[in-house]
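Each chain is listed here by its residues.
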Amino acid sequence: MDPVEVPGFCLWLSLLSYRLCLQTITTKFHRCGLRGGYIEVINMDPAVKKHLKSMQKPSSPAVLPQLALEVMVNPPIPGDPSYETYSQEILHSQTTLSQNARQACKFLNDLPGMNCQPGMGGVFLYPCLFLPPQMIHKAKMSGVEPDVLYCQRLLEEEGVCLGAGCENGQEDQNYHVSLCVLAPPATLQEMLARLCSFHLRLLDTFP
């Protein structure tokens, strides 16, 4: 590998830098709608770089994600016509997210059989589920993970869609779900109320 002179970096340091407009609060763009990003590659072995390129999909993001990525990388600056509106929207999103995360975490920790750590800047909370043994047994007999069964029943009974923790990898018996808190406060409160109703009903079903 031929060394490349990069100011500020070790001569032999290989660096991959990802920038995505998916879900992080630092980008301020919501998850599951705008999907775009890029990778900056520095001092990468040519063989590895070739393999990296072979893993990329041939299609390009839609126009809207590309526009969002441009705004993320080059946001409006003071003096631009959209700067004030952009700044207000970012402040509103940050304030809403912070308040929602605190309120949702407290709410979830008050539920029996559930424990939630405070959010650390992302748009998701990951409450742990302490499910009744009877439910775990029923899920295993049905050929699904217990947290998947929890999410399926929650969707069917209350119309609330959460992510099962097994999708992200977890130790056996360490069940959890993922819950997005970047939503209007009224919407989040309704969702939490439905989750509470379902959760308590489930515990009564499997005492």
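Attention in this report is confined to the structure presented alongside it. (Residues numbered from 1 in each chain as written. Predicted model: local features only at pLDDT ≥ 70, side-chain atom pairs only at ≥ 80, totals over all residues. Heavy atoms only, no water.)

**A short note on the nonpolar core**
So, point 1. Among the nonpolar cores identified, the biggest contains 36 residues, and Leu108, Tyr150, Leu162, Leu179 and Val181 are the most heavily contacted of them.
So, point 2. Sorting the residues of this core by element identifies α3 (83-109), β4 (124-125), α4 (133-142), α5 (146-158), β7 (175-180) and α6 (185-205) as the ones contributing at least two each.
So, point 3. Top element by residues in this core is α6. It accounts for seven residues.
So, point 4. Other than its neighbours up to four places away in sequence, Leu162 contacts Cys151, Leu154, Val177, Ser178, Leu179 and Leu195. (Core = buried A, V, L, I, M, F, W, Y, C linked by side-chain atoms within 4.5 Å. Buried < 20%, exposed > 50% of the residue type's maximum accessible area, 1.4 Å probe, protein only. Helix = DSSP H or I, 4+ residues; strand = E, 2+ residues; numbered from the N terminus. Contact = heavy atoms within 4.5 Å.)

**Notes on α6**
So, point 1. Compared with an ideal rise of 1.5 Å per residue, which puts 21 residues at 30 Å, α6 spans 30 Å between its outermost C-alpha atoms and is within 8% of the ideal.
So, point 2. Within α6, burial applies to Leu188, Met191, Leu192, Leu195, Cys196, Phe198, His199 and Leu202.
So, point 3. Each element contacted by the buried residues of α6 is listed here: α3, β3 (114-115), α4, α5 and β7. (Expected span 1.5 Å × (residues − 1).)

**Digging into the pattern of salt bridges**
So, point 1. Under the definition given, this model contains six salt bridges.
So, point 2. Of the charged contacts, one joins Lys106 and Asp110 as a salt bridge, the two residues approaching to 3.4 Å between their closest N and O atoms. Take Lys106 and Asp110: they sit in the same class, and that class is exposed.
So, point 3. Among the salt bridges present, the one from Arg201 reaches Glu158, with a minimum N-O distance of 3.1 Å. Here Arg201 is found in helix α6, whereas its partner Glu158 is found in helix α5, with 43 residues between them in sequence.
So, point 4. The buried category is assigned to Glu158, whose relative accessible area is 17%.
So, point 5. Here the salt bridges share partners, and the residues they tie into one network are Arg153, Glu157, Glu158 and Arg201. (Salt bridge = Lys/Arg side-chain N within 4 Å of Asp/Glu carboxyl O.)

**Thoughts on the side chain of Thr96**
So, point 1. Mapped onto the fold, Thr96 is located in helix α3.
So, point 2. Only 2.9 Å separates the side chain of Thr96 from the backbone oxygen of His92, close enough to count as a polar contact. (Polar contact = N/O pair within 3.5 Å; in protein donor to acceptor, adjacent residues only side chain to side chain.)

**Some thoughts on the packing of aromatic side chains**
One pair of aromatic rings is described through two measures. These are the centre distance and the angle between the planes.
So, point 1. Considering all chains together, one arrives at two aromatic pairs under this definition.
So, point 2. Ring geometry for Tyr150 and Phe198: centres 5.1 Å apart, planes at 80°, overall edge-to-face. Residue Tyr150 is located in helix α5, and its partner Phe198 is located in helix α6; the two are separated by 48 residues in the primary sequence. Side by side, Tyr150 and Phe198 carry an identical accessibility label, which is buried. (Phe/Tyr/Trp six-rings, centres within 6.5 Å; stacked < 30°, edge-to-face > 60°.)

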